[in-house]
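Overview (structure and organization)
Okay, here's what each chain looks like letter by letter:
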Amino acid sequence: MKIGIVCYPTFGGSGVVATELGKALADNGHQVHFVTYNQPARLDFFSENLFYHEVSVSKYPLFDYPPYELALASRLVDVVRFEKLDILHVHYAIPHASAAFMAKQILLTYGIYIPVVTTLHGTDITLVGRDRTYKPVVTFSINKSDGVTAVSEHLRKDTFEFFEIENEIRVIPNFIDLTRFSLKAKDHFKKAIAPSGEKILIHTSNFRKVKRTQDVIRIFAKVFKKIPSKLLMVGDGEERSECEQLCRDLGVGDNVRFLGKQDAIEEILSVSDLFLMPSQSESFGLAALEAMACKVPVISTNAGGLPELNIEGVTGFLKDIGDVDGMAEKAIYILENETRLKTFKENALARAKEFDLSIILPMYENYYIEVIEKSKASFLA
Ligand code: GMT
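All figures in this text were calculated on a predicted structure; none of them were measured in a lab. Here the residue index of a chain counts from 1 through its sequence in written order. Restriction of local features to residues with pLDDT of at least 70 applies here, the model being predicted, together with a cutoff of 80 or more for giving and counting side-chain atom pairs; totals for whole chains, interfaces and linings are based on all residues. Note that the side-chain values use all heavy atoms of the structure and ignore hydrogens as well as water.

1. Some details on the domain arrangement of the chain
Rule in force here: For every domain, the bounds stem from an assignment made automatically or drawn from a database. Note on definitions: a residue-residue contact is assigned when non-hydrogen atoms from the two residues lie within 4.5 Å. In short, buried area is how much 1.4 Å probe accessible area vanishes from two parts on joining, totalled over both. A pairing counts as a salt bridge when a side-chain nitrogen of Lys or Arg comes within 4 Å of a carboxyl oxygen of Asp or Glu. We define a polar contact as two N or O atoms separated by no more than 3.5 Å, with the added condition that, inside protein, one atom must be a possible hydrogen donor and the other a possible acceptor, whereas residues neighbouring each other in sequence contribute only through side-chain atom pairs. Segments assigned H or I by DSSP are reported as helices when at least four residues long, segments assigned E as strands when at least two residues long, and all are numbered from the N terminus. Put simply, Ala, Val, Leu, Ile, Met, Phe, Trp, Tyr, Cys and Pro go in the nonpolar bin, Asp, Glu, Lys and Arg in the charged bin, and everything else, Gly too, in the polar bin.
Domain boundaries assigned for the chain yield domain 1 (2-175 + 357-380) and domain 2 (187-355). Computed from C-alpha coordinates alone, the two centres of domain 1 and domain 2 are separated by 31 Å. Taken together, the contact between domain 1 and domain 2 spans 21 residues of the former and 18 residues of the latter. Between domain 1 and domain 2 lies a buried interface of about 1300 Å² when both sides are counted; carbon and sulfur atoms form 58% of it. Where domain 1 meets domain 2, there are zero salt bridges. The interface formed by domain 1 and domain 2 holds five residue pairs in polar contact (both at pLDDT 80 or more) in total. The set of elements that each furnish at least two residues to the side of domain 1 that touches domain 2 consists of helix 1 (13-27), helix 4 (123-126), helix 6 (153-162) and helix 14 (357-380). For the side of domain 1 that touches domain 2, a count of residues per class yields eleven nonpolar, eight polar and two charged.

Structure representation (structure tokens):
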């Protein structure tokens, strides 16, 4: 197949899923064309089946708001026509699904029908979608997509609850490439971080408010009182300086390392003992899956799709949003006993294997075929 992929080319979960999916499809012999405003963060190697088409937006003085959506729609028309694509897969509803709809209508004037699959990732529905400003456009573009997928049952349910959806929504969860995400021997790094054999807790995110990163610090401060430990904070974003201040206020500053944005996240996860994800909202929790693949159990909230990934008492524990005491108590429970910690680590990996790329990739491939055949039939009718 010739597949066009539209995504946010950043480190965010939706961009990571889209890029890793594109790379895997290319490895499987499909021709994949990324159409974005920047080279996707993880599209960092050459493959004969991978193509990148940049969307550039002219900055005329007249435009207070450069019309990215129109530039994207125009670029999509161009790429679909000249690269003869079979399907477009857009990640994140705003503005990708509506831009794809516009491109689709323009392509019809050339006698071309391009089926569009929209994947909903979470914040496009739970946060942005609920903002009434965007509601009509999100509803329309979901209903006009030829196929729609959501990354968890919970997100699927929320989408039906918040919008008047007439389309079917297929659940295809996030996936993990276990050839990349696996336990790496990084003992020298572990020694540098925890020279006296302290336990290492870790959090990775974009430090948005929704991640409740200050809860991470509060949980750690409680764990630290009982268990010699260190905390690694990976990523960057709006909440970082508040978190740094909180570390000082709680007297744990010397035991918390802020590592900023990191590419080789699997190497840092490999030295870690416990992952903290106290999110307010999380449609799936890709960062937790990455941790589990590196044998790191997870203490999370029970928000959104997290219970579909993290299994209570098996791969970690789940508590209500804001229950810092409860999360700290369970973290201590896992970390205080070596045999128990080992069992949780093994369980985390076993669960991650259920989301292996080799299982999820065919779900997308089969869905593309289904959507192409269905839309071909209705176009000819
Ligand atoms: O979590 C983020 O801040 C990034 C966000 C995004 O929209 O890129 O991630 C969302 O999509 C990921 C991939 O499907 C999911 O694993 C994350 O759970 C989801 N984030 C939220 O729902 C907050």
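2. Examining the site of the ligand
Here is the rule: If even one non-hydrogen atom of a residue comes within 4 Å of a molecule or strand, that residue is called near it. Computed with a 1.4 Å probe, the accessible areas rest on the Shrake-Rupley method; for each residue, only the protein chains presented here act as cover.
What surrounds the ligand is a group of 19 residues, the closest being H121, N174, R208, K211 and E282. Residue N174 places a side-chain N or O atom 2.7 Å away from an oxygen atom belonging to the ligand. The separation between an oxygen atom of the ligand and a polar main-chain atom of F284 is 3.1 Å. Expressed as a share of its isolated accessible area of 490 Å², the protein-covered part of the ligand is 95%. In terms of residues, the shell around the ligand owes the most to one element, helix 1, which gives three residues. Here the shell around the ligand is built from residues that sort into five nonpolar, eleven polar and three charged. Shared between two domains, the shell around the ligand holds at least three residues of each, these being domain 1 (2-175 + 357-380) and domain 2 (187-355).

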